[in-house]
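Summary of the model geometry
Residue-level listing of the chains:
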Amino acid sequence: MSDQPVVFPRNAPGGGFMALPAGPQQPGAFWAASSGEDLMVEKGAPLPEVCVKCGRTDGIERRNQNFSWFPPWIYALLLVNLLVMAVVSTVLRKQGRLWLPLCHDCARRWRKANLVQGLTIAWLIVGLITCIVFFASELPILGLLTMVSALVSPFLSGFLLHRKATLRPRTIDDRVITLQGVHPDAKAAILTASQQPRLPSPVAPPPGTIAQ
Ligand SMILES: [Zn+2]
């Protein structure tokens, strides 16, 4: 995906992150671009009323979503130490917020996926403690089964449910979130909305001009 060309819209002359305008954005005008199947969008962009998961335009509600991302190589630090990984990921974590448009069905699926993901992470902690108890009680088979289910369930939930029901950041930098999983219709609508002309900034009249 990452080797596909990045298509920059007209409101980003010169292309790339360097073209991002500084300062607060005018309503209706924001920075967005296509990168393969991904959508690159400015943090806090006012997205149009199209469900980002299915492309529907009716019954839209908004989800105040804070995306969080850190470089994937940090997972390799798990081999060193969990605490080291936790500290490094906290330091290098990038965050970005979007007020996501979702239809009722997709919003419900998103909430359900988050709930299931939370339960599997809770089971990861409880299950690992339980398996230690089983091993200490000389019940190795039960301990092994509990450990495997505790370790595997967050990944199963993530791959089978959470990835399909939510949007995932591929990267986040200081100003832009690159999102995976945006519906093509929503992506097209967002790119179109981003190309709306910016409202001109109010300019003070030259000296001597009489206000009309
Ligand atoms: Zn939807």
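Reading guide: rules and limits
- Residues numbered from 1 in each chain as written.
- Predicted model: local features only at pLDDT ≥ 70, side-chain atom pairs only at ≥ 80, totals over all residues.
- Helix = DSSP H or I, 4+ residues; strand = E, 2+ residues; numbered from the N terminus.
- Buried ≥ 20, exposed ≤ 12 C-beta atoms within 10 Å, placed from the backbone.
- Contact = placed C-beta atoms within 7 Å.
- Axes fitted to C-alpha atoms, helices over the stretch in contact; angles between N-to-C directions.
- Parallel < 35°, antiparallel > 145°, perpendicular 65-115°, else oblique.
- Left-handed = near helix turned anticlockwise from the far one by under 90°.
- Core = buried A, V, L, I, M, F, W, Y, C linked by C-beta atoms within 7 Å.
- pLDDT = per-residue confidence, 0-100.
- Arc of directions from axis to C-beta.

Check the secondary structure of the chain and you find four helices and seven strands. With 212 residues in all, the chain has 21% of them scored as buried. Within the chain, counting contacts between residues at least 6 apart in sequence, those at least 24 apart form 70% of the total.

Remark: helix 2 (residues 104–136) packs on helix 3 (residues 140–165), axes separated minimally by 8 Å, with the N-to-C direction vectors making an angle of 165°. Considering their axes alone, helix 2 and helix 3 lie roughly antiparallel with respect to each other. By crossing handedness, the relation of helix 2 to helix 3 is classed as left-handed.

Attention now goes to the nonpolar core. By size, the foremost hydrophobic cluster in this structure holds 28 residues, and its most contacted members are Ala32, Val41 and Leu102. Elements with a minimum of two residues in this core: strand 2 (32–35), strand 3 (38–42), strand 5 (94–103), helix 2, strand 7 (176–180) and helix 4 (184–194). At four residues, strand 5 tops the list of elements feeding residues into this core.

Here we take up the environment of valine 176. Checked against the element boundaries, valine 176 lands in strand 7. Linking valine 176 and alanine 45, residues 131 residues apart in sequence, is a C-alpha distance of 9.7 Å.

With that out of the way, let us pick up unusual backbone geometry. Among all residues except glycine, the phi angle is most often negative; among peptide bonds, the trans geometry is most common. You will see that glutamate 138, though not glycine, has its phi angle at about 60°, which is positive. Relative to the helices and strands, glutamate 138 resides in the loop between helix 2 and helix 3. Classification of glutamate 138 as exposed rests on a count of 7 C-beta atoms within 10 Å.

Glancing now at the confidence of the model for the chain. Per-residue pLDDT for the chain has a mean of 82; in total, 80% of the residues score no lower than 70. When the criterion is pLDDT under 50, residues 1–27 qualifies, and its contacts beyond four places in sequence or with other chains add up to 37 contacts.

Let us now look at the environment of proline 197. Mapping proline 197 onto the fold places it in the segment after helix 4. The spacing of proline 197 and alanine 29 is 168 residues in sequence and 6.5 Å in space, taken between C-alpha atoms.

Of the residues making up helix 4, those classed as buried are Ala186, Lys187, Ala189, Ile190 and Ser194. All buried residues of helix 4 lie within an arc of 165° about the axis, which places them on one face of the element. Where helix 4 is buried, its residues meet strand 2 and strand 3.

Attention now goes to the environment of aspartate 185. Here aspartate 185 is to be found in helix 4. Look at aspartate 185 and you get partly exposed, because 15 C-beta atoms sit within 10 Å. For the pair formed by aspartate 185 and threonine 57, sequence separation is 128 residues and the distance between their alpha carbons is 10.0 Å. Aside from chain neighbours lying at most four places away, what touches aspartate 185 is Val50 and Gly55.

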